[in-house]
Every structure is written in structure tokens, then in C-alpha cells.
Amino acid sequence: MSPTALPDSIEGTLELMDRAGYVADRSLATVLHLALKMKRPLFLEGEAGVGKTEIAKVLATTLGRDLIRLQCYEGLDVASAVYEWNYPAQMVEIRVAEASGDLDHSELSKSIFDERFLIKRPVLQALEPSLSGAPVFLIDELDRADEAFEAFLLEVLADNQVTVPELGTIRADEPPIVIITTNRTREIHDALKRRCLYHWVDYPDAERELEIVRRKVPGAAQRLAAEVVAFVQKLRAEEDLFKQPGVAETLDWATALSELNEIALDPDMASDTLGVLLKYQDDIERVRGSKVRQMVDDIRKDTPPQQTMPTI
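Residues numbered from 1 in each chain as written. Predicted model: local features only at pLDDT ≥ 70, side-chain atom pairs only at ≥ 80, totals over all residues. Heavy atoms only, no water.

Caption draft 1: Fine view of the side chain of Glu141. Note on placement: Glu141 falls in the loop between strand S5 (136-140) and helix H8 (147-159). Glu141 gets classed as buried once you look at its relative accessible area, which sits at 18%. Residue contacts for Glu141: discarding those within four places in its chain leaves Gln71, Cys72, Thr181, Thr182 and Asn183. (Helix = DSSP H or I, 4+ residues; strand = E, 2+ residues; numbered from the N terminus. Buried < 20%, exposed > 50% of the residue type's maximum accessible area, 1.4 Å probe, protein only. Contact = heavy atoms within 4.5 Å.)

As C-alpha cells, this is what we get:
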């Protein structure tokens, strides 16, 4: 994977994202450009399914960098995220030393706590040098991790280093491109946010979401794509749902209806496939049936029919 130079302007960042099919708005491109230029972590907050994780993937692809992903969860600890010692290999080293009669404890201690016995997890991997340049380090859904682990990350984010008690401080020659995402299931401490640039990733407007659908689901009929987007936008604006559908669900629904050979949003088919769009039964029951039919009728009153270009 050959590395690509970092974009030198906001427009260049927009073009970079566009090449990978990510339809970014200018505010996102601006803060992303600044994060790359200033070599600061980028903290992305927003609802699930709005494309936060995809930003890191797009950066890795377009810049030709390795993507190192740390998926956070409750109970995540240093052994899983940063490093651990290869205890079986260390025990073999001790047995060999005993068999050879070499029992100098200070030398043996140095020997078994050598870097060759260190198992590197994502955080340490992100600090390692690479021929393709500094990797993209994705810390995904940080809000799922415990506050203690969040505090541990402060050293990594501020100084691009990790302290291993037995070895000392391991510092990155070049800071990784750090993308942190959170779905805001809990508040992240200000101490961590201060070390990052911040951006709220919101649901896209109708025009941008339609462009996303057209790029990601090119097989969907023009009218179907337009009506699916209008339906989802109407759901977010007017319905008090437990979980609003994200862009990922919009794409899934457009794909599903296209696979069923639909060329427009049929109320009955829309009701039958709501489980692709909505993930809670209460939300589905609230919308399905007469409500879907009413929404489709309203959309068609407000939206002119899509013109199909003649085939040449």
C-alpha cells in the first residue's frame, strides 16, 4: 500500500473523501483537514449509523495507511488494548535458565521482560513506525469503555507514548492519525476532549443523503432512492422514535427494496420491510400500516415524479 500525501487544503480534503465515495460536508472536511495538519486526534460524536467509523476507514484507504482499530467495550483493559506479556514463552525461558544453571535473578528478570516477549495490542501497534507512514488509529465507541481506560488514554493522546513499567516509555516517531468515535451513551471526560479537535457528525440533509444512496446503491431506481430518502427524512423530523434510523439503515433499506425489484416506495412493501430500517418493535408498530401509507402519500404530494432518462 503506497502512501499518499496529506491534503493541503479543505478542498483537497473534500476531494480525498469524495474519491472514496464519502459525501462529506464542508464543516467535517475543515476539522478533518485541521486534525491532519495539526497532528491532533479527532473526536467524532454523533448518533449511531451516521458514518463516524467510515471516516477512519476512508482516510486509511485514500492515504494508503494501515488502519488499526480498537473496538471499545465494557471491561476493556490494558492487556486487551495496549500490551501483555507472553507468559508461556517467559516460563520456557525460566525453565531453560534453570536447566543450564544460570540463575542470576537480575539478569533473568531482564531477559524475560524483553521486548521479544511483549505481545503488542492496538495501542502499541499504532505507535510503531511503518513504511507507509503513521497509521490511522481508530478508537471506536469509546463511550462503551470504562472511565478508567479513558483516563489511561490521556498519555497516548497527549504525548503519543505508552509507559510499560518493565521496559520504560515507548514513544511514536510519528504521531498516528487518531480518530475517536462515541455514540454518546455516556459523557466523555473533558480532560480527554481537550486533547482532541471535536466534531459532531449529524444526520445528513435530504440532498446529501440522496447523493449517498445514489453512490452506495447505484442499482436502486431514481424514484425509489428519492422516496426512500424522503421517507427517512420525514421519520426523523416528525416521529418520536426510540431510535432514529441512521444513514446505514437508509442504505440497507434502499438495497433491500432494490433487491425486491421495487422501482418506487410501495406502502405495503414498505410496511413489510420496516425491520430493515427500524430496529425496535415499538418503533415499527408505531409506523407500519396506515401511518406508512399516509407518509408515502404526503411524500408524493410534495415531491414531483422522477424523470427517467431515455435509453440511447
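Caption draft 2: Highlighting the packing of helix H10 (residues 206-216) against helix H11 (residues 222-238). Packing of H10 against H11 brings their axes to within 9 Å, and their N-to-C directions diverge by 135 degrees. As the angle between them shows, H10 and H11 are arranged oblique. H11 is crossed by H10, and the crossing has right-handed handedness. On H11, the residues touching Ala206, Glu209, Leu210 and Val213 of H10 are Ala225, Ala226, Val229, Val232, Gln233 and Arg236. Residues of the contact of H10 with H11, tallied by class, amount to 7 nonpolar, 1 polar and 2 charged. (Axes fitted to C-alpha atoms, helices over the stretch in contact; angles between N-to-C directions. Parallel < 35°, antiparallel > 145°, perpendicular 65-115°, else oblique. Left-handed = near helix turned anticlockwise from the far one by under 90°. Nonpolar A, V, L, I, M, F, W, Y, C, P; charged D, E, K, R; others polar.)

Caption draft 3: Structural context of unusual backbone geometry. Even without glycine at this site, Arg184 takes up a positive phi of about 65 degrees. With respect to the helices and strands, the residue Arg184 is situated in the loop between strand S8 (177-182) and helix H9 (190-193). A relative accessible area of 44% means that Arg184 is categorised as partly exposed. For Asn261, which is not glycine, the phi torsion reads 65 degrees and is therefore positive. Given a relative accessible area of 66%, Asn261 falls into the exposed group.

Caption draft 4: Representation of the pairing of S8 in the model. Taken across its 6 residues, S8 has 6 buried, putting it largely inside the fold. Of the two faces of S8, the one carrying Ile177, Ile179 and Thr181 and the one carrying Val178, Ile180 and Thr182 are both buried. In terms of strand pairing, strand S1 (residues 42-45) meets S8 through 4 bridges, oriented parallel. In the sheet register, Leu44 faces S8, and the bridge partner there is Thr181. Examined bridge by bridge, S5 and S8 share 4 bridges and lie parallel to one another. Across the sheet, the residue bridging to Leu138 is Ile179, located in S8. (Pairing = 2+ DSSP bridges.)

Caption draft 5: Layout of the confidence of the model for the chain. The predicted model of the chain averages 90 in pLDDT, with 95% of residues at 70 or higher. Confidence drops under a pLDDT of 50 for residues 307-312, and excluding neighbours within four residues, the segment shows 1 contact in the predicted structure. (pLDDT = per-residue confidence, 0-100.)

Caption draft 6: Here's a closer look at the packing of H10 against helix H12 (residues 247-259). Closest axis-to-axis distance for the H10/H12 pair is 10 Å, and the angle between their directions is 50 degrees. By the angle between their axes, H10 is oblique relative to H12. Handedness of the H10/H12 crossing: right-handed. Residues Glu209, Ile212, Val213 and Lys216 of H10 touch H12, and the partners they reach there are Val247, Thr250, Leu251 and Ala254. Per-class residue counts for the contact of H10 with H12 are 5 nonpolar, 1 polar and 2 charged.

Caption draft 7: The sheet that holds S5, seen in detail. Spatial ordering of the open sheet is given by S2-S5-S8-S1-S9, a layout of 5 strands whose pairing is parallel. The strands lining the two open edges of the sheet, one partner per strand, are strand S2 (67-71) and strand S9 (197-200). Along the sheet, successive strands turn relative to each other by an average axial angle of 20 degrees, direction set aside. The pairing of S2 with S5 spans 5 bridges and is classified as parallel. Each residue of the ladder has a partner; that of Leu70, found in S5, is Ile139.

Caption draft 8: Fine view of the pattern of salt bridges. In the structure shown here, the tally under the stated rule is 23 salt bridges. In this structure, Glu187 and Lys193 form a salt bridge, with 3.8 Å as the shortest nitrogen-oxygen distance. For Glu187, a relative accessible area of 47% corresponds to the partly exposed category. A cluster of three or more residues bridged by salt bridges with shared partners is formed by Glu45, Arg184, Glu187 and Lys193. (Salt bridge = Lys/Arg side-chain N within 4 Å of Asp/Glu carboxyl O.)

Caption draft 9: Local environment of the packing of aromatic side chains. Applying the stated criterion across every chain, the model contains 6 aromatic pairs. Seen from their ring centres, Trp85 and Phe113 are 5.1 Å apart, and the 80 degrees between their planes marks the pair as edge-to-face. In this pair, Trp85 sits in strand S3 (residues 83-85) while Phe113 sits in the loop between helix H6 (105-112) and strand S4 (118-120), placing the two residues 28 residues apart along the sequence. Seen in terms of ring centroids, Phe242 and Tyr280 are 4.6 Å apart; in terms of plane orientation they differ by 70 degrees. Their pairing is edge-to-face. Here Phe242 is found in the loop between H11 and H12, whereas its partner Tyr280 is found in the loop between helix H14 (274-277) and helix H15 (281-287), with 38 residues between them in sequence. (Phe/Tyr/Trp six-rings, centres within 6.5 Å; stacked < 30°, edge-to-face > 60°.)

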